[in-house]
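So you can see what is in the structure, the chains are spelled out below.
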Amino acid sequence: GFLLLWLLPPILRARSSAETRPRSMPCQQSPTKVSCKGLSLQEFPQKLGQGIKHLELSNNFIRNLSGSSMAGFEQLEYLDMSFNQLEAVSAPTLAQLPRLRSLLLRSNHLHRNFLANGEAFHQLRNIEVLDLSVNDLQSHMAGWYISNLSSLRVLDLSGNRLSRLLAGTFRSTARLRRLDLSNNYIVEIQEGAFEPLQELEVVNLALNSIHCISGFSLTQLRVLNLSHNALELFSSEEGAQPYLLQVLDLSHNRLLYFPQLPKAHDLTHLNLSNNLIASLLPGPHGLEDFVLPYKEMGRFNRTVHPTLTRVVDLDLSNNRLELLPLTFFHSLGSLHSLRLARNCLQEVARESLTNSTEPAEPHPAPPQHPELSVRSLDLHGNALRVLPRWFFHSLPQLERMDLGSNSLQPCRSQGSDWEGGLEGGSRFAAPGNTCTPFYNVPRLKHLSLRENNISRLHPHAFHRTPLLSLDLSGNRDLSMPTGALEGLEFSLQELSLRGNQLDESRAALPCLGTLRVLDLAGNQLSLLPAGLSCSPLESLDIRNNSLKALGTLGSWSHSLREVSLAGNPFSCCSLGWLDS
């Protein structure tokens, strides 16, 4: 084939190679918007017409804007050149873009020629949005690029090589509102670095190497993300101005104690997950607890509870808490969601204890039970064995509760729902109690008790608790006698009994008239529970059982939408149920 092609006349060979070369696709164009994304362009496109305001050139191979003619782009307001190979920009070129408001330059090579490029950026007098992320910029380079951008409102410097924030870095960008510094190498923020930014509302400092925040005084901030750093200490500075901070993310750090927050603030979302917090109790601190010595330790006060009256969402999961003192949360009058998953919790206390080893004096009268406003509580992955009755009395608004991967055993419903309610006035669950009362929790709608080593459900275990969903999966050798789910006939909509090694003799279900979703996978059933015939099932998972046939599908022929059957030894001679 090669020989024949070589023997063709030159004109035919040239035509053949031109036909096989891929043609570049034209830009997509409307009167004011042009998109040339991913067209393998190596230079700035020309002759795109007049009056263009929005130009997208991302994912190309453009290396420079030096000497490029910008005729026809005087009206341009938005330019996206992300994911190119840009390394050179000239002042005359940018001077031809007087109306440019947004310039996106993510993932280029702007660390090269940064002195000349930064000088050219002085022409961007009206720029409001600037993305310089992933350009291999060091601290001094980034400071030079933004040194004359007085109109800037949004700045993205994420994914660079910044190591320090100097006091004068943002001197010329006083109108900045949103600042992204995430995924750098920042270890130091000089005092006064953010002082010029009186309009700053959102700061992202995640994925850096910051060890300490002390004297935090950015009262105008609304959102602060400090996750994935090396923080051991966070303390704020009290002043005359109230703090406007609403969202604070301190997750994935090395915090040993609850952060010291200002007394006056608007905080609604606080994330402290994945830290080293071992106690919520007030008490003295020791320098030996910290990896690095901090002169700011003198300001840090852990002898008082924080004021969190407006916090709606608090995440303390993945810490080292062993005790849950409910009094810590009494000031959180707006708290709706509380996550304490994957700690080391073993018990709950109704009032705060000191760190003293001396026994507390007995109370002459039963203590008060302040009510919490929590609606969603996540306690999965702890070492809880008992939750006393007063615990539920303290959570009258509770709607959703995840208690998976603990060691809780449901109690038998008592003749009186309040029997043993105060448990002798003890601050802990009475030592003789070995079960948790899940009955008569009037607002609880979603409950997970997966992987709790529950061996038996007693009759009426959830009496007068109007559950919509119940997860009992992963409790190997679980026995469900007749009446175990009685009281849920007219509320339960989703039930999971997955992986419990149930056979038909240990799976007695009542007539659940509202059940829509049932998961029975991973058991040893050779017959489906008889009580299912009256449930309006829409989804049924019976994989990996011992079923040879299904005889009750006819009753679900109008409601069932999804059935999972794999892993059963069905008999080929008894497949009549497929007709339904």
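Basis of the calculations
- Residues numbered from 1 in each chain as written.
- Predicted model: local features only at pLDDT ≥ 70, side-chain atom pairs only at ≥ 80, totals over all residues.
- Heavy atoms only, no water.
- Helix = DSSP H or I, 4+ residues; strand = E, 2+ residues; numbered from the N terminus.
- Buried < 20%, exposed > 50% of the residue type's maximum accessible area, 1.4 Å probe, protein only.
- Contact = heavy atoms within 4.5 Å.
- Areas by Shrake-Rupley, 256 points an atom, 1.4 Å probe, with all protein chains shown as cover.
- Disulfide = S-S within 2.5 Å.
- pLDDT = per-residue confidence, 0-100.
- Phe/Tyr/Trp six-rings, centres within 6.5 Å; stacked < 30°, edge-to-face > 60°.

## Points about the overall build of the protein
Okay, so step 1: From N to C terminus, the protein includes six helices and 30 strands.
Okay, so step 2: The buried share among the 580 residues of the protein stands at 48%.
Okay, so step 3: Relative to all contacts within the protein whose residues are 6 or more apart in sequence, the contacts with residues 24 or more apart total 53%.
Okay, so step 4: Here the protein has roughly 27500 Å² of accessible surface; of this, 51% comes from carbon and sulfur atoms.

## With respect to the state of the cysteines
Okay, so step 1: On inspection of all chains with the given rule, the structure shows three disulfides.
Okay, so step 2: The disulfide partner of Cys27 is Cys36, and the S-S distance across this bridge is 2.0 Å. Every disulfide takes its handedness from the sign of the S-S torsion; for Cys27 and Cys36 that torsion is 115°, giving right-handed.
Okay, so step 3: For Cys36, a relative accessible area of 0% translates into the label buried.

## Notes on the confidence of the model for the protein
Okay, so step 1: Averaged over every residue, the pLDDT of the protein is 86; the share at 70 or more is 84%.
Okay, so step 2: Predicted confidence is poor over residues 1-8, with pLDDT under 50, and the contacts of this stretch with residues over four places away or in other chains come to three contacts.
Okay, so step 3: In this model, residues 353-366 is a region of pLDDT below 50 whose contacts with residues beyond four sequence positions or in other chains number 11 contacts.

## With respect to the packing of aromatic side chains
Okay, so step 1: Per the counting criterion, the structure on display carries 11 aromatic pairs.
Okay, so step 2: With a centroid separation of 5.6 Å and an interplanar angle of 40°, the aromatic rings of Phe216 and Phe234 are classed as tilted. Pair noted here: Phe216 is in strand E14 (residues 212-216) and Phe234 is in strand E16 (residues 233-236), with a separation of 18 residues, a long-range link. An identical accessibility class is assigned to Phe216 and Phe234; each is buried.
Okay, so step 3: Taking the centre distance of 6.4 Å and the plane angle of 40° together, the rings of Phe438 and Phe462 count as tilted.

## Brief notes about the environment of Leu226
Okay, so step 1: Tracing the chain through its elements places Leu226 in the loop between strand E15 (223-225) and E16.
Okay, so step 2: Judged by its relative accessible area of 2%, Leu226 falls in the buried class.
Okay, so step 3: C-alpha of Leu226 to C-alpha of Ser182: the two residues are 44 residues apart in sequence and 8.7 Å apart in space.
Okay, so step 4: If near-sequence neighbours (up to four positions away) are discounted, Leu226 is found in contact with Leu205, Ala206, Ile210, Ile213, Leu231, Phe234, Asp249, Leu250, Ser251 and Asn253.

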